[in-house]
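Overview (structure and organization)
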Amino acid sequence: MRTFRLVIACPDRVGIVSKVSNFLATYNGWITEASHHSDAQSGWFFMRHEIRADSLPFDIEGLRQAFAPIAREFSMEWRITDSAQKKRVVLMASRESHCLADLLHRWHSDELDCDIPCVISNHNDLRGMVEWHGIPFCHVPVDAQDKQPAFAEVERLVKVHEADVIVLARYMQILPPQLCAEFSQRVINIHHSFLPSFVGARPYHQASLRGVKLIGATSHYVTEELDAGPIIEQDVVRVSHRDSVEEMVRLGKDVEKMVLSRGLRYHLEDRVLVHDNKTVVFD
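As recorded in an unreviewed UniProt entry, the chain goes by Formyltetrahydrofolate deformylase and comes from Pseudomonas benzenivorans. Recorded under Function (unreviewed entry), the UniProt text for the chain is reproduced unchanged: "Catalyzes the hydrolysis of 10-formyltetrahydrofolate (formyl-FH4) to formate and tetrahydrofolate (FH4)." The record in UniProt for the chain states the following under Sequence similarities (unreviewed entry): "Belongs to the PurU family."

**So, the nonpolar core**
Counting 31 residues, the largest nonpolar core has Val89, Leu91, Leu100, Leu103, Leu260 and Leu264 as its most contacted members. Elements supplying a minimum of two residues to this core: strand E5 (87–93), helix H3 (98–108), strand E9 (165–168), strand E10 (187–192), strand E11 (214–221), helix H8 (245–268) and strand E13 (272–275). At six residues, the largest contribution of residues to this core is made by H8. Setting aside anything within four residues of it in sequence, one finds leucine 264 in contact with Val89, Leu103, Leu112, Val167 and Ile188.

**Here's the deal with the pairing of E10**
Along any regular strand, the residues point their side chains to alternate faces of the sheet. Here E10 lies mainly inside the structure; six of its six residues are buried. By the alternation rule, side chains of E10 split into Val187, Asn189 and His191 and Ile188, Ile190 and His192, which are all buried. A crossover connection joins E9 to the parallel E10 through helix H6 (residues 177–182); in handedness this β-α-β unit is right-handed. One ladder, built from five bridges, connects E10 with E11; its direction is antiparallel. Across the sheet, the residue bridging to isoleucine 190 is serine 219, located in E11.

**Some points on the pattern of salt bridges**
For the structure on display, the rule yields 29 salt bridges. The shortest N-O distance in the salt bridge between glutamate 50 and arginine 271 comes to 3.8 Å. Within this pair, whereas glutamate 50 is found in strand E3 (residues 44–52), its partner arginine 271 is found in the loop between H8 and E13, the two being separated by 221 residues in sequence. Exposure remark for glutamate 50: the relative accessible area of 10% places this residue in the buried category. Each of Glu33, Arg48, Glu50, Arg265, Glu269 and Arg271 takes part in one network of salt bridges that share partners.

Thresholds applied
- Residues numbered from 1 in each chain as written.
- Predicted model: local features only at pLDDT ≥ 70, side-chain atom pairs only at ≥ 80, totals over all residues.
- Heavy atoms only, no water.
- UniProt positions renumbered as here; feature names shortened; annotations may be inferred.
- Core = buried A, V, L, I, M, F, W, Y, C linked by side-chain atoms within 4.5 Å.
- Buried < 20%, exposed > 50% of the residue type's maximum accessible area, 1.4 Å probe, protein only.
- Helix = DSSP H or I, 4+ residues; strand = E, 2+ residues; numbered from the N terminus.
- Contact = heavy atoms within 4.5 Å.
- Right-handed = clockwise from strand over helix to strand, strands pointing away.
- Pairing = 2+ DSSP bridges.
- Salt bridge = Lys/Arg side-chain N within 4 Å of Asp/Glu carboxyl O.

What follows is the structure, given as structure tokens:
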């Protein structure tokens with residue numbers, strides 16, 4: 001069923017829900033899902049509504065024009081999206097395949113409602129898997145002594161393919177600040193939740209030596225500050241002294257796949273609202 005998604009963030013005050021609900025009722029808008037959150041600490045209010053597109057007398061542009069006066073009245077940060085308009089997702093990876101393979105499988109099985117116009121990688125290892133899915137594979141090697149030409153090509157490819165969101169599916173290069181800023185809140189990364197406890201190489205080996213009892217993963221939006229962007233999703237799995245390093249790596253990869261796919265799904269469905277460096281996720 002085709003829906004329009006109305007997503008709102010604004011300073012909290014009396015009458016916001018009533019005003020929006022009455023507006024939709026005036027035009028016979030059929031709300032199929034409604035989520036609200038009032039943040040007492042920041043004094044902000046967050047809302048996400050899904051409305052049946054066929055219940056309204058106008059298209060999405062007409063809805064935007066009709067709603068604009070209310071948005072101005074309440075000083076809203078807002079957007080309206082169409083569920084029928086699939087977002088274009090550019091995937092980036094290096095050599096590790098688990099996250100990329102999982103996303104491709106979910107896309108191939110129609111579990112992720114998006115288009116994938118290309119996959120960009122700094123290595124050729126995953127070309128066969130990507131091209132089996134009928135998706136263009138773009139090999140952009142990165143010279144450690146001069147990374148600028150590679151990232152200029154990455155930026156060109158992202159724009160040529162009109163990406164709505166970029167997913168770093170274990171892409172092992174740090175994006176330049178300019179690209180992070182231009183695609184703010186549109187680049188999703190995944191990493192193990194050991195950061196900053198176990199930085200550097202072989203984090204699972206470090207964790208094993210410390211005898212940790214929980215391992216996990218975090219998906220977040222990428223910012224200029226490394227691994228410090230707004231968190232979208234996290235999860236953990238218990239481990240014990242019985243688990244070898246290899247078993248911990250396997251369990252960690254499982255969690256990474258689940259957390260990244262859920263984070264991407266929330267973004268695709270316009271369920272993530274960012275305020276300062278914090279997210280509200282209507283899952």
